[in-house]
Amino acid sequence: MGKSNQILISISRKYGSGGHDIGKKLSEMLGIDFIDRNMLDGMSEEFGIDIDLLRKYDEKVVNPLAYRTVQAMNTSITNNPTKMIAHAQHEYIIRQAKAGKSFVLIGRAGDEILKDYPYLVRFFITGELDYRIRRIMERREMSEKDAKAAIRRHDRSRRMYHDTYSEGHWGDADNYEMILSSSLLGVDRSAQVLYDYLKLRDII
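Residues numbered from 1 in each chain as written. Predicted model: local features only at pLDDT ≥ 70, side-chain atom pairs only at ≥ 80, totals over all residues. Heavy atoms only, no water.

## Description of helix H7 (residues 144–165)
Right, on to step 1. In this model H7 runs 32 Å from its N-terminal to its C-terminal C-alpha over 22 residues, within 8% of the 32 Å that 1.5 Å per residue would give.
Right, on to step 2. Where H7 is buried, its residues meet strand S1 (8–13), helix H4 (81–98), helix H5 (110–113) and helix H6 (129–140). (Helix = DSSP H or I, 4+ residues; strand = E, 2+ residues; numbered from the N terminus. Expected span 1.5 Å × (residues − 1). Contact = heavy atoms within 4.5 Å.)

As structure tokens, then:
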């Protein structure tokens, strides 16, 4: 496979692993866009959706029994705000890809919604639990107990979101090209490993 004019990278990550920072660093090394929660500003302007509503339901899944989906003609109509926001996000991301833009995407089931693009590279960032706990304690100024609870809560939420919109399973090795533990390498060297992998793949 030769080098492409378009580079699409999807990064899924466990909470506290530094996956967000690794993705940001990688985008800087590649000189391409970085898409995370920052997409909400563009979506708010493009779709006319209130920014606070976008932030409230960003990468979230709620009880489906609380909302209804109605099939009308050839389309589905739902009053579930998390589904509406997720579909708007996916549409926004796909349009960026169709426009030929290169970017690193954090979360949002990117490995699924961009799977039809031949130059998509899918990474999963994990880390030893003790490392993740320490990192969250330092960055969020949390107690160990609260950091553990936050990890359980966020990892569960990310798994639910991903698996709701993906045929594959969050964290399943078959769903990614590389699963990397950041515990020993840290952010910068982990980003370098991903960068070197892209070179070996002849993508850059």
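Moving on from the coordinates now.
## Details of the packing of aromatic side chains
Right, on to step 1. Scanning all chains against the criterion turns up four aromatic pairs.
Right, on to step 2. Geometrically, the ring pair formed by Phe124 and Tyr176 is tilted, given 5.2 Å between the ring centres and 50 degrees between the ring planes. Here Phe124, found in strand S6 (residues 120–126), pairs with Tyr176, found in the loop between H7 and strand S7 (178–181); they are 52 residues apart in sequence, far enough to count as distant. For the residue pair Phe124 and Tyr176, the accessibility class agrees, reading buried in each case.
Right, on to step 3. A centroid spacing of 5.0 Å and a plane angle of 55 degrees characterise the contact between Tyr161 and Tyr165, whose relative ring orientation is tilted. Here Tyr161 pairs with Tyr165, and both are found in helix H7, just four residues apart, close to one helical turn. With respect to burial, Tyr161 and Tyr165 carry one shared label: buried.
Right, on to step 4. These aromatic residues form a ring-pair network of at least three members: Phe124, Trp170 and Tyr176. (Phe/Tyr/Trp six-rings, centres within 6.5 Å; stacked < 30°, edge-to-face > 60°. Buried < 20%, exposed > 50% of the residue type's maximum accessible area, 1.4 Å probe, protein only.)

## Things to note about the confidence of the model for the protein chain
Right, on to step 1. Per-residue pLDDT for the protein chain averages 88, and the proportion of residues at 70 or more is 89%.
Right, on to step 2. Throughout residues 64–78 the model reports pLDDT below 50, and contacts reaching past four residues in sequence, or to other chains, amount to 18 contacts. (pLDDT = per-residue confidence, 0-100.)

## Regarding the nonpolar core
Right, on to step 1. Ranked by size, the top nonpolar core spans 21 residues in total, and within it Ile9, Ile11, Leu26, Phe123, Leu194 and Leu198 carry the most contacts.
Right, on to step 2. Among the elements of the structure, S1, helix H1 (19–30), strand S5 (103–106), S6, S7 and helix H8 (186–200) are those that each provide at least two residues to this core.
Right, on to step 3. Sort the elements by how many residues they give to this core and H8 lands first, with five residues.
Right, on to step 4. Once residues within four sequence positions are removed from consideration, Phe123 is found in contact with Ile9, Ser10, Ile11, Ser12, Leu26, Tyr176, Met178, Leu194, Tyr197 and Leu198.
Right, on to step 5. Listed in part, the 19 residues of the second largest apolar core include Leu8, Leu54, Leu105 and Tyr117. (Core = buried A, V, L, I, M, F, W, Y, C linked by side-chain atoms within 4.5 Å.)

## A short note on the pairing of S7
Right, on to step 1. Only one face of S7 is buried, namely the one carrying Met178 and Leu180, since none of Ile179 and Ser181 on the opposite face is buried.
Right, on to step 2. Sheet topology places S6 next to S7; four bridges connect them, and they run parallel. For Phe124, the partnering residue across the bridge sits in S7 and is Ile179. (Pairing = 2+ DSSP bridges.)

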